[in-house]
Amino acid sequence: AQYWGGVMAASRTDNRFDDRAVRFVKLLETLSIYQIHAHCLIYTTAAHTYRNVIYEPGNRLSRFHIQLSELMKKMEIDDLKERLPIIKHVLIGLESSQLIETPFFRVFRGLSEQYDLTQINFEVETTLLGVELYYAALGVMSPFDEDFPNVEINEDYVLSYYFV
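What counts, and where the lines are drawn
Residues numbered from 1 in each chain as written. Predicted model: local features only at pLDDT ≥ 70, side-chain atom pairs only at ≥ 80, totals over all residues. Heavy atoms only, no water. Pairing = 2+ DSSP bridges. Helix = DSSP H or I, 4+ residues; strand = E, 2+ residues; numbered from the N terminus. Buried < 20%, exposed > 50% of the residue type's maximum accessible area, 1.4 Å probe, protein only. Core = buried A, V, L, I, M, F, W, Y, C linked by side-chain atoms within 4.5 Å. Contact = heavy atoms within 4.5 Å. Axes fitted to C-alpha atoms, helices over the stretch in contact; angles between N-to-C directions. Parallel < 35°, antiparallel > 145°, perpendicular 65-115°, else oblique. Nonpolar A, V, L, I, M, F, W, Y, C, P; charged D, E, K, R; others polar. Salt bridge = Lys/Arg side-chain N within 4 Å of Asp/Glu carboxyl O. Phe/Tyr/Trp six-rings, centres within 6.5 Å; stacked < 30°, edge-to-face > 60°.

Asker: Give me the lowdown on the pairing of strand S3 (residues 121–126), citing residues and values where you can.
Answerer: As paired elements, strand S1 (residues 63–67) and S3 share 5 bridges and run antiparallel to each other. When the bridges of S3 are listed, His65 appears paired with Glu123. Examined bridge by bridge, strand S2 (residues 100–101) and S3 share 2 bridges and lie antiparallel to one another. Within S3, the residue paired with Ile100 across the bridge is Thr126.

Asker: Account for helix H7 (residues 128–137), naming residues and giving values.
Answerer: For H7, a buried count of 9 out of 10 residues is recorded, marking the element as mostly surrounded by other parts of the structure. Looking at H7, one finds that the buried residues are Leu129, Gly130, Val131, Glu132, Leu133, Tyr134, Tyr135, Ala136 and Ala137. Positive backbone phi, approximately 95°, marks Gly139, located one or two places after H7.

Asker: Which residues make up the nonpolar core, and what are the values?
Answerer: Ranked by internal contacts, the top residues of the largest apolar core, which has 42 residues, are Tyr3, Ile42, Leu71 and Leu133. Broken down by element, this core gets its largest block of residues, 8 residues, from helix H3 (residues 33–50). Ignoring sequence-local partners within four residues, the contact set of Leu133 consists of Tyr3, Phe24, Leu27, Leu28, Leu31, His39 and Leu99.

Asker: Before we move on, could you go through the packing of helix H2 (residues 21–30) against H7 and cite the residues and values that matter?
Answerer: Put simply, H2 and H7 touch, their axes get as near as 11 Å, and they point 100° apart. Between H2 and H7, the angle is such that the two are roughly perpendicular. Contact residues: Arg23, Phe24, Leu27 and Leu28 in H2; Leu129, Glu132, Leu133 and Ala136 in H7. Taken together, the residues that form the contact of H2 with H7 break down as 6 nonpolar, no polar and 2 charged.

Asker: Tell me about the pattern of salt bridges, and name the residues and values.
Answerer: In total, this model carries 1 salt bridge according to the counting rule given. Across the pair Arg23 and Glu132 runs a salt bridge, and its minimum N-O distance is 3.4 Å. Of this pair, Arg23 sits in helix H2 while Glu132 is found in helix H7, placing the two residues 109 residues apart along the sequence.

Asker: Report on the packing of aromatic side chains, specifying residues and quantitative values.
Answerer: What the rule picks out here adds up to 2 aromatic pairs. Plain terms: the ring middles of Tyr134 and Tyr135 are 5.6 Å apart, the flat faces sit at 75° to each other, and that makes the pair edge-to-face. Exposure class is identical for Tyr134 and Tyr135. Each is buried. Ring-pair connections join several aromatic residues into one group, and the members of that group are Tyr43, Tyr134 and Tyr135.

This is the structure in structure tokens:
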């Protein structure tokens with residue numbers, strides 16, 4: 001609900017022809033609740049980590065590792081049989097929607113439900129579209145027009161991370 005509300009708030013401008021929010025509404029319609037929640041966690045972590053610089057093409061600061069076990073915990077994925085299918089759904093969906101970049105196929109190739117997923121860390125990289133969606137969800141339609149807006153970070157949404 002926060003993402004939908006933020007996009008709608010960001011779309012309010014004096015220009016009656018400004019329909020930039022349509023793109024984000026359409027994008028949100030294609031994502032599952034799990035994917036939206038993971039996007040929020042990943043980009044809140046990036047915003048917390050880098051403050052106002054969460055996307056620079058080719059810059060290693062746009063890449064970091066997160067613990068799969070913590071992502072599952074924050075997403076409240078408790079059912080052991082559901083963990084792997086849900087995480088695959090989340091990461092494949094976010095990458096195919098160009099909201100993150102991750103070499104997750106190397107991580108998940110050959111894994112079974114019996115594999116200890118708590119031991120996996122994986123690399124994630126922010127994308128331009130991912131940053132735009134994150135800020136639109138916070139009510140900011142054009143984060144690249146000037147310096148990144150200073151946003152309040154909810155520490156409950158920050159994952160543990162380390163740099164690549």
